[in-house]
Amino acid sequence: MFRHVIAPVRSYTKAANEVVRHRGLNSDAKLLLLYVQGLPESEADKPLGEHADELGLRPREYQRAKKALTAGGFLYEWKVQRRDGRWSTHQVLSNVTLTREEASAVRNGAPVRKAKEPEEPGGAKSTAGSARPRPAGSHPPVEEDCGKTSSHPPTEEPVAEEPATEPPAAEASAPEFATAERLLLSLRHQSRDLLLGVREARGLAEMAAEWLRRGVSVGELRHALTSHLPGDGVRSAVGFLRHRLTEKLPQRPPEAGDSPVAGGIVICEGPGREHTFRQVGDETRCRSCRREQARTRAESEPGGAVAWRDHFDKVARGVIT
């Protein structure tokens with residue numbers, strides 16, 4: 001295939017490869033996202049459905065595109081009741097994937113990190129109106145971009161990662177620790193609200209590894225951490241997972257040589273033919289043998305056992321009171 005590409009000079013919209021190549025978005029969802037991205041601020045307050053009508057999307061096509069954008073983490077909605085009692089819908093549409101916590105921050109007007117200004121060689125910035133040659137076929141410099149709108153999100157500047165705090169060597173080398181860390185990092189595929197960074201996952205890995213040491217499988221641990229998530233989303237993935245790892249920690253299994261677990265089938269130590277019974281506590285004889293043992297002990301005591309029928313007969317005759 002031969003490819004012929006001419007970079008536009010004005011009236012264009014930048015599309016990230018993450019959006020263009022996203023397998024979870026259909027063509028209508030990508031077109032709607034790029035269309036809204038290129039709108040000026042004066043038209044950005046319209047509902048997403050009106051923009052879909054302007055594109056000619058039918059209601060069913062719009063619903064499928066909206067569902068794909070929501071599942072991919074590009075679109076979030078909130079139902080808000082106004083002072084007059086009516087309900088309104090707030091929407092946040094982003095050209096990058098966001099968690100609900102990040103989308104809430106954008107909705108509340110959180111500051112957005114801006115990209116660094118491009119500098120000329122030697123540290124001097126180009127003045128307005130200065131002409132610079134542009135080689136044929138290359139993209140226009142930032143200063144020559146014409147027709148841009150302020151709705152284009154700035155490119156985030158690279159953030160220098162702080163050196164991660166390394167766990168003790170004995171813990172990091174344990175197989176349960178490595179398995180737990182991989183599990184925590186993979187939870188984002190189950191729910192985007194559970195997205196963790198490398199340092200955050202490493203800080204929770206020891207708590208998750210304790211579950212594995214207590215006999216919990218990887219699938220059971222994943223289910224315990226991702227099931228029954230809050231309906232309004234997870235505000236803090238680290239705090240939510242730390243709470244579940246602490247509050248739902250199962251009991252440690254009994255070690256070899258401990259007393260038999262209550263509820264098991266054991267052999268009765270009573271007389272007669274060998275038979276079994278189910279333990280309720282730490283007893284060693286079945287119910288029948290314990291009754292026989294109690295009766296024998298009562299008869300062996302001074303005075304012997306008193307039959308209850310004889311006792312009531314004597315009370316009725318007035319012999320005893």
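Treat the numbers as computed from the prediction; the structure is a model and nothing was measured. (Residues numbered from 1 in each chain as written. Predicted model: local features only at pLDDT ≥ 70, side-chain atom pairs only at ≥ 80, totals over all residues. Heavy atoms only, no water.)

Bridging between strand S1 (residues 75–81) and strand S2 (residues 87–93) involves 7 bridges; their strand directions are antiparallel. When the sheet's bridge partners are listed, Leu75 is paired in S2 with Leu93. Counted between consecutive antiparallel strands, the loop separating S1 from S2 contains 5 residues, among which Gly85 sits at a positive phi close to 95°. (Pairing = 2+ DSSP bridges. Helix = DSSP H or I, 4+ residues; strand = E, 2+ residues; numbered from the N terminus.)

Any segment with low pLDDT has predicted coordinates that should not be analysed in fine detail. Across the protein, the average pLDDT comes to 77, with 72% of residues at or above 70. In this model, residues 126–130 is a region of pLDDT below 50 whose contacts with residues beyond four sequence positions or in other chains number 2 contacts. Predicted confidence for residues 135–150 stays below pLDDT 50, and this span has 28 contacts to residues more than four positions away or in other chains. (pLDDT = per-residue confidence, 0-100. Contact = heavy atoms within 4.5 Å.)

So, about the pattern of salt bridges. Evaluation of the coordinates by the stated rule reveals 10 salt bridges. Where Arg213 meets Glu206, a salt bridge forms, and the shortest distance between an N and an O atom there is 3.1 Å. Given a relative accessible area of 34%, Arg213 falls into the partly exposed group. Look at the salt bridges and you will find they share partners, linking Glu206, Glu210, Arg213, Arg214 and Arg252 into a network. (Salt bridge = Lys/Arg side-chain N within 4 Å of Asp/Glu carboxyl O. Buried < 20%, exposed > 50% of the residue type's maximum accessible area, 1.4 Å probe, protein only.)

Before going further, it helps to spend a moment on the side chain of Glu283. One can find Glu283 in the loop between strand S4 (276–278) and helix H11 (287–300). A distance of 2.6 Å separates the side chain of Glu283 from the backbone nitrogen of Val280, its partner in a polar contact. (Polar contact = N/O pair within 3.5 Å; in protein donor to acceptor, adjacent residues only side chain to side chain.)

Attention now moves to the packing of helix H7 (residues 175–185) against helix H9 (residues 218–226). Close contact between H7 and H9 brings their axes to 11 Å; oriented N to C, the two are set at 40°. Between H7 and H9, the angle is such that the two are oblique. Crossing angle aside, the handedness with which H7 passes H9 is right-handed. Taking contact as the criterion, the partners of Thr179, Leu183 and Leu184 in H7 are, on H9, Val218, Leu221, Arg222 and Leu225. Class assignment of the residues belonging to the contact of H7 with H9 gives a composition of 5 nonpolar, 1 polar and 1 charged. (Axes fitted to C-alpha atoms, helices over the stretch in contact; angles between N-to-C directions. Parallel < 35°, antiparallel > 145°, perpendicular 65-115°, else oblique. Left-handed = near helix turned anticlockwise from the far one by under 90°. Nonpolar A, V, L, I, M, F, W, Y, C, P; charged D, E, K, R; others polar.)

Now for the state of the cysteines. A complete count under the given rule lists 0 disulfides for this structure. Summary of cysteine pairing: Cys286 is not part of a disulfide, and the nearest cysteine sulfur, belonging to Cys289, is at 3.5 Å. A relative accessible area of 9% means that Cys286 is categorised as buried. Cys289 gets classed as buried once you look at its relative accessible area, which sits at 11%. (Disulfide = S-S within 2.5 Å.)

Our next topic: H9. Because an α-helix completes one turn every 3.6 residues, residues spaced three or four positions apart along the sequence face the same direction. Along H9, the residues that are buried comprise Leu221, Ala224, Leu225 and Thr226. Packed against the buried residues of H9 are H7, helix H8 (198–213) and helix H10 (237–247). At the C-terminal side of H9, His228 shows a positive phi close to 55°.

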